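# Geometric and topological summary
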Amino acid sequence: MDIQFYNTLTRKKEKFIPVIDGKVSMYTCGPTAYNQAHIGNFRTFLFEDVLKRFLMLVGYEINHVMNITDVDDKTIKKANNENISLKELTDKYTKIFMEDLETLNILPADIFPIATEHVDDMIVMIKSLIDKDHAYITDDGSVYFSIKTFEEYGKLTNLDFDNQIQSERVAADEYSKETPQDFALWKSWKDEDGEIGWDSPWGKGRPGWHIECSAMSIKYLGDHFDIHCGGVDNIFPHHENEIAQSRCSFGSPFVNVWMHSEHLNLEDEKMSKTLGNILSVPSLVKKGYTPESIRFALISSHYRTKIAFSETKLTESKKAVHRINEVYDRLKTLQKTGTSLPNEYEDFVAALSDDLNTPKALGILFSYIKKINKKMDISSFSEKETAMSIHFIENADKIFSLLTHDGRIPEDISALVLKRDKARKSKDWQLSDKIREKINQKGWIVEDSSDGTKCYKA
RNA sequence: GGCGUCGUACCCAAGUGGUCUAAGGGAGCAGUUUGCAAAACUGUCAUUCAUCGGUUCGAAUCCGAUCGACGCCUCCA
């Protein structure tokens with residue numbers, strides 16, 4: 001079955017053919033380590049996670065690189081404001097980022113290259129761009145990429161720079177540039193940078209924003225790799241500039257498929273610090289939303305559509321996730337034989353093969369669940385069917401990761417549950433209700449079903 | 001000004017020329033089950049796809065116009 005992905009570069013869905021048969025190399029733009037990543041950032045990281053897991057499921061070997069940006073305007077400013085070293089600041093937020101990834105069960109990249117550890121690689125690349133006349137040095141020792149030397153500049157963004165109305169921001173920028181849209185490869189040191197700076201052939205300074213991704217992606221994935229992802233806001237200028245630098249420096253095709261995820265908004269508002277509506281992963285978990293329901297909320301819309309995020313959505317997601325877990329638990333109590341998969345599994349894979357249509361794939365999974373529940377209700381479910389159902393759900397879970405994996409019940413709770421079961425057996429309803437109340441107060445829920453007593457976190 | 005996206009039930013959300021009198025989830029309602037409660041399971045829930053025209057044997061899907069929401073045009077996932 002063909003896999004198709006929407007390529008931002010060509011603005012259409014294309015058949016996915018990896019550069020090397022059976023292997024996929026992907027680069028995903030990571031965080032800038034100057035604050036805690038918010039739920040909107042994680043929408044993108046989760047899209048990338050699902051993409052990667054899907055490619056793994058269908059048999060590809062993945063080489064995944066995600067950068068950590070630990071030097072730019074924001075990190076420098078914040079470190080100097082807080083009077084701490086750049087490393088102190090970025091280590092702190094990198095650590096938090098890694099923890100949040102783990103919370104959401106996002107598979108780690110194979111390599112997380114750090115920008116400041118690759119300044120030499122960037123300098124080599126900048127040098128080659130100067131040598132090839134794609135870049136020029138200004139009086140203050142900065143280096144700029146000259147966009148007019150690259151014919152394809154603007155292709156990714158679909159912008160025509162010859163007929164652009166100059167925005168105020170651009171016009172107000174450094175006047176030493178040849179063309180207003182030329183972008184910095186190297187920024188010369190300024191007073192406000194404080195201690196932060198690196199030596200280069202053009203004097204002390206620091207790398208521009210885009211060069212790190214070019215240098216690091218090429219270092220670890222080669223100058224022609226399969227997929228490069230990020231949020232839509234990265235299309236311009238970040239990825240447009242990456243293409244310009246990389247292609248001009250190496251003369252190679254660089255990236256085959258560019259994939260970008262749409263934004264997540266809070267209700268209708270854009271998340272922003274001034275509005276104070278930033279949601280972090282730990283803050284949602286603290287409110288009682290499980291990582292699984294957060295995952296569901298973020299993947300139940302297609303990655304190229306905007307999400308209006310809300311707590312209502314999380315509550316609904318929690319119930320949907322519960323439904324999957326419920327049927328899985330039910331299946332687990334039955335005998336099974338065989339290793340085959342149901343026909344619906346093909347539809348499931350086909351949905352994901354069509355530009356990673358996660359909502360459709362979830363729909364297929366849920367209607368399958370309804371079907372097998374009905375069958376189980378009238379107890380005409382064979383051991384073979386049980387096995388098929390379990391395999392389908394487990395395979396789907398390899399991508400979505402919605403089954404509750406750490407449902408471990410603390411000892412004091414399970415002791416109470418046992419005590420209550422005993423009371424129920426002797427029909428001491430008063431005592432059993434009392435214990436139930438106690439368990440509820442501790443934040444757990446007990447339910448009596450025909451399969452026995454169930455207990456899970458509220 | 002340029003480039004582009006979107007508008008599907010009470011809410012969320014697939015579907016992009018015929019199998020659509022439109023998948024799936026949540027809510028509601030009804031039933032089954034149950035010591036009770038909760039949960040679970042089942043059934044039900046859009047002759048209609050922002051509006052108006054057009055193309056076509058056939059349109060939610062293509063084209064045009066209108067209305068509405070939004071993104072990008074060097075901070076941003």
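Preceding this section is the structure that the text describes.
Before going into details, it helps to say that this report is about the structure given with it. Predicted model only: the values in this text are computed from it and were never measured.

Our next topic: unusual backbone geometry. Put simply, Phe236 and Pro237 share a cis peptide bond, and its omega is 0°. Within the secondary structure layout, Pro237 lies in helix α7 (residues 235–250). We note that Asp133 has phi near 65°; this positive angle belongs to a residue other than glycine. Looking at the element boundaries, Asp133 is found in the loop between α4 (119–131) and β5 (135–137). Given the relative accessible area of 60%, Asp133 is considered exposed. Located in the positive-phi region is Asp355, a residue other than glycine, with phi close to 55°. Locating Asp355 in the fold gives a position in the loop between α11 (344–353) and α12 (358–377). We classify Asp355 as buried; its relative accessible area is 1%.

Moving on: the pattern of salt bridges. Pairs may arise between side chains of opposite charge once their charged atoms sit close together. Taken as a whole, this structure holds 24 salt bridges when the rule is applied. Put simply, Arg247 and Glu152 hold a salt bridge, and the shortest N to O gap is 2.8 Å. Within this pair, whereas Arg247 is found in helix α7, its partner Glu152 is found in the loop between β6 (143–145) and α5 (168–171), the two being separated by 95 residues in sequence. A relative accessible area of 25% means that Arg247 is categorised as partly exposed. On the basis of relative accessible area, Glu152 is assigned to the partly exposed category, the value being 30%. Among the charged side chains, a network of salt bridges with common partners joins Asp73, Lys187, Asp193 and Arg206.

Moving on: helix α15 (residues 429–441). Every α-helix winds through 3.6 residues per turn, so residues three or four apart in the chain are directed the same way. With 13 residues, α15 ought to run about 18 Å at 1.5 Å a step, and its terminal C-alpha atoms sit 18 Å apart, in line with that. Listed as buried for α15 are Ser432, Ile435 and Ile439. End-on view of α15: buried residues confined to an arc of 60°, all on one side of the axis. Of the residues in α15, the exposed ones pointing more than 90 degrees away from the buried face are Gln430, Lys434 and Gln441. Here the buried face of α15 lies against α14 (411–425) and β13 (444–449). Backbone geometry just after α15 places Gly443 at a positive phi near 90°.

As a further point, take the packing of helix α10 (residues 311–332) against helix α13 (residues 383–400). Where α10 contacts α13, the axes come no closer than 10 Å and their chain directions differ by 145°. For the element pair α10 and α13, the recorded crossing hand is left-handed. Each of Ile324, Val327, Tyr328, Leu331 and Lys332 in α10 lies in contact with α13, whose residues at this interface are Thr386, Ser389, Ile390, Ile393 and Glu394. Taken together, the residues of the contact of α10 with α13 sort by class into six nonpolar, two polar and two charged.

Taking strand neighbours across the sheet as the criterion, the four strands line up as β4-β3-β9-β10 in an open arrangement whose pairing is parallel. Every other strand in the sheet has two partners, leaving β4 (61–66) and β10 (254–261) as the edge strands with one partner each. When the angles between neighbouring strand axes are averaged without regard to direction, this sheet yields 25°. Looking at chain direction, strand β3 (residues 23–28) and β4 are connected through six bridges and run parallel. Its bridge partner being in β4, Val24 is matched across the sheet by Ile62. Strands in contact with helix α6 (residues 211–221) are β3, β4, β9 (224–231) and β10; relative to β3, the strand with the most contacts, it is inclined by about 160°. α7 rests against β9 and β10 of the sheet, and its axis sits at about 175° to β10.

Cut-offs and rules
- Residues numbered from 1 in each chain as written.
- Chains lettered and ligands numbered in written order.
- Predicted model: local features only at pLDDT ≥ 70, side-chain atom pairs only at ≥ 80, totals over all residues.
- Heavy atoms only, no water.
- Helix = DSSP H or I, 4+ residues; strand = E, 2+ residues; numbered from the N terminus.
- Buried < 20%, exposed > 50% of the residue type's maximum accessible area, 1.4 Å probe, protein only.
- Salt bridge = Lys/Arg side-chain N within 4 Å of Asp/Glu carboxyl O.
- Expected span 1.5 Å × (residues − 1).
- Arc of directions from axis to C-beta.
- Contact = heavy atoms within 4.5 Å.
- Axes fitted to C-alpha atoms, helices over the stretch in contact; angles between N-to-C directions.
- Left-handed = near helix turned anticlockwise from the far one by under 90°.
- Nonpolar A, V, L, I, M, F, W, Y, C, P; charged D, E, K, R; others polar.
- Pairing = 2+ DSSP bridges.

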